[in-house]
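Results of the structural survey
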Amino acid sequence: MKDNEALTKYIGALVDELSALNIQNVVISPGSRSTPISMLVNEHPKLKSYIAVDERGAGFFALGIAKSTKQPTVLICTSGTAASNYLPAISEARESRIPLFVLTADRPHELRDIGAPQAMNQIGLYGSFVKKFMELALPEASEAMYQYARSSINRLYRSCVTAPMGPVHMNVPLREPLVPNFAIDDLFSAGKRKNSAHTILTKTLATISKETRSEITELFQSKRKGLLVCGPYVEGDALKRIIALGSLLDYPVLCDPLSNGRTNNNEDSNVIDTYDTFLRFEDIANSLESEIIVRFGSMPVSKTFTQYTQRQQDCELIVIDEGDLWRDPTLKATQMISCDDLEFCNAIFESYEKTTDFQTDWLNEWKSINEKTKNGLQQAEQFDELFEGKIVQVLAKSLEEESTLFVSNSMPIRDVDTFLLSQSKKFKIACNRGVNGIDGTIATALGMAAAGDNVTLLIGDLSFYHDLNSLVLSKLHHLPLRVILVNNDGGGIFSFLPQSKEEKHFEALFGTPLGLDFEHATALFGGIHTKINNWFDFEDVLSRKNDGLQVIEIRTNRQENYDLHQKVWSIVKSKYEK
């Protein structure tokens, strides 16, 4: 037998099966124990690999690629703490239903729990954060074991892409020598069958029964004060059908910005885009009591919508959610329907008959309030101060058709929720809203850029600092990224929370000013840095083309920003009183 043939053919079969399943992108964090996996990935003609030295950033980089492509991205790392650094990205992938395929190399069994270097317990390392865990057997030279490696990949892949999609983990113990033998003919042919993949996997969609369809149709016909809600992660075809269903039922359709229902050319539809603002006013919220609310996707960003939902009495709250997860933080759901979003809408269209005597007062009331709110929010465009809400308004006008706006958590996504109104142009909004963390934001945005998206990142200074080292991915892989860095020297969102009233400890524990000059950090990674002093400069720099890393820094004042938000809401409130 040729030197190291068992290792080479065994891992070669594993790597080739990834490609046979149409996986294309692999993110590698270099290390010794993962040598055969990494080398054979780089050798495979159909796999594209990216090197990401920092495993924490690598995890989010892979998540960004998967978020854009909607296909599993592979993560590869060596043994020890390298693997533990993937956990933040894996937890985000689990909650936001992003398919990640994690391969962690490991020491062989005889070197575990005896003090061997770079060894720790990696069995079930990610716990419930992965949909499925498998540990692969040690390499052996036999056709049966090569088929076993391929079959194992198929088993994990099916779990990864079956709704709801999510991350999976394979632990791969390996003995030395670790360098594969590239002199072996047909490196990737071991255990291969004639069909493209070892096992043909058939995808099915969850549907509803005729009985359930009839019950829901009767509810829609009897309850005129209804809402359809598009939360984050609603897919494109389903989104269009949900909006069309709103028109059929004469229901308002509340679109979270991450549903992309506000940036999908829907100006003539029933889309409501300012509910986060007007539902904060108690008298208006109380006048809009719903009889039925049907929610698609995860819970919207808006806290005021959550509070509105919790206050509804005698209201049917129906959650449409394929799979067996339970996404209802309001604890008010009266029905959980496990069904594909598009299939649900199609079923209602088939059975619902619209009468001619429908009352549209409910819909018209929502539309009227929405228009008045829009008029008030647009007044912020006249502010001379560097207001964070206006940044969203100016930015939305500059974004190119079919581009992507990636938004950091905390204050930026909330400002997008408030100030991003329905657009005539089509572009995509993305954010890590699974567990709502600020970590990995830059890496995720760059992952989407690696997948081919034209990405602009809107981010605060704390989030930028938190993931600063991921800027090296732009330099290493020549990935263009335009960053709008909102620098209010701390955590701006906490100015809107009760903690801000406790001045004694607020600045140290929540304001957390860093006092950093990000111009030097940008230069370290080969980027171009521009500081903005007025709106003319901002619009001017947004109009310029840039093929590399571009950081546009806007310094704002936390207290002034809070005051300007209050001013906008006062202007909006006055529109209802006229």
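That block above? That's the structure.
Note that the coordinates shown come from a computational prediction; the quantities given were computed from them, not determined experimentally. (Residues numbered from 1 in each chain as written. Predicted model: local features only at pLDDT ≥ 70, side-chain atom pairs only at ≥ 80, totals over all residues. Heavy atoms only, no water.)

1. As for the nonpolar core
Formed by 58 residues in total, the largest nonpolar core has its most connected members in Phe278, Tyr308, Trp366 and Phe538. Not counting the four nearest positions on each side in its chain, Trp366 is found in contact with Leu227, Pro252, Leu254, Ile272, Phe278, Leu279, Leu288 and Tyr308. If you look at the next biggest cluster of nonpolar residues, it comprises 48 residues, including Phe61, Ile65, Val102 and Phe518. (Core = buried A, V, L, I, M, F, W, Y, C linked by side-chain atoms within 4.5 Å. Buried < 20%, exposed > 50% of the residue type's maximum accessible area, 1.4 Å probe, protein only. Contact = heavy atoms within 4.5 Å.)

2. Some details on the pattern of salt bridges
The tally for this structure, following the rule as stated, stands at 22 salt bridges. For Asp321, the salt bridge goes to Arg327, with nearest N and O atoms at 3.1 Å. A residue is classified by how much of its surface remains accessible, and Asp321, at 4% relative accessible area, is buried. Arg327 sits in the buried class, given a relative accessible area of 16%. Residues Glu371 and Lys374 are paired through a salt bridge, measuring 3.9 Å at the closest nitrogen-oxygen approach. Taken together, the residues Glu371 and Lys374, both in helix α13 (residues 361–377) and three residues apart, mark about one turn of the helix. Linked through salt bridges whose partners overlap, the residues forming this network are Asp16, Glu17, Arg150 and Lys192. (Salt bridge = Lys/Arg side-chain N within 4 Å of Asp/Glu carboxyl O. Helix = DSSP H or I, 4+ residues; strand = E, 2+ residues; numbered from the N terminus.)

3. What about the packing of aromatic side chains?
By the definition in use, this model includes 13 aromatic pairs. Members of the aromatic cluster, joined through ring pairs, are Tyr275, Phe278, Phe305, Tyr308, Trp362 and Trp366. Across the ring face of Phe349, the terminal group of Arg241 is positioned such that the distance to the ring centre comes to 3.9 Å. Above the face of the Trp569 ring, Arg280 is positioned so that its terminal group lies 4.0 Å from the ring centre. (Phe/Tyr/Trp six-rings, centres within 6.5 Å; stacked < 30°, edge-to-face > 60°. Lys NZ or Arg CZ within 6 Å of the ring centre and 35° of its normal.)

4. Observations regarding the packing of helix α15 (residues 411–419) against helix α22 (residues 558–577)
Interaxial distance between α15 and α22 falls to 13 Å at its minimum, and their mutual angle equals 20 degrees. In terms of orientation, α15 lies roughly parallel with respect to α22. The chirality of how α15 crosses α22 is left-handed. Counted together, Met411, Asp415, Thr418 and Phe419 of α15 and His565, Val568 and Trp569 of α22 form the full contact between these two elements. (Axes fitted to C-alpha atoms, helices over the stretch in contact; angles between N-to-C directions. Parallel < 35°, antiparallel > 145°, perpendicular 65-115°, else oblique. Left-handed = near helix turned anticlockwise from the far one by under 90°.)

5. As for the sheet that holds strand β13 (residues 404–407)
Strand order in the open sheet formed by six strands is β14-β13-β15-β16-β18-β17, and the pairing between neighbours is parallel. Taken across any chain shown, the strands that pair with only one partner, and hence form the sheet edges, are β14 (428–430) and β17 (528–532). Strand-to-strand twist of the sheet, defined as the mean angle between neighbouring strand axes without regard to direction, takes the value 20 degrees. Relative to strand β16 (residues 481–487), strand β15 (residues 455–460) is paired through five bridges, and the arrangement is parallel. Bridged to Gly460 within β16 is Val486. The sheet strands contacting α15 are β13, β14 and β15, and the helix crosses β15 at an angle near 115 degrees. (Pairing = 2+ DSSP bridges.)

6. Some remarks on the sheet that holds strand β1 (residues 25–28)
If you walk across this open sheet you meet the six strands as β2-β1-β3-β4-β6-β5, and the pairing is parallel. What marks the edges here is a single partner per strand, and that holds for β2 (48–51) and β5 (132–135). On average, each strand axis in the sheet is tilted by 20 degrees relative to the strand beside it, whichever way the strands run. Pairing between β1 and β2: four bridges, direction parallel. Across the sheet, the residue bridging to Ile28 is Ile51, located in β2. Contacting β3 (73–77), β4 (100–106) and β6 (168–173), helix α1 (residues 5–20) runs over the sheet at an angle of about 170 degrees to β4.

7. Here we look at a negative patch on the surface
On the surface, a cluster of negative charge is contributed by Asp384, Glu385, Glu560 and Asp563. In this fold, Glu385 is placed in the loop between α13 and α14 (388–398). (Patch = residues over 30% accessible without salt bridge, like charges linked within 9 Å, V, L, I, M, F, W, Y side chains within 5 Å. Areas by Shrake-Rupley, 256 points an atom, 1.4 Å probe, with all protein chains shown as cover. Lys, Arg positive; Asp, Glu negative; His and termini not counted. Charge placed at Lys NZ, Arg CZ, Asp CG, Glu CD.)

8. Some remarks on the side chain of Thr217
Position of Thr217 among the secondary structure elements: in helix α7 (residues 210–222). Under the relative-accessibility criterion, Thr217 is labelled buried at 5%. Non-local contacts of Thr217, meaning those with residues more than four positions away in its chain, are made with Ile348, Ser351 and Tyr352.

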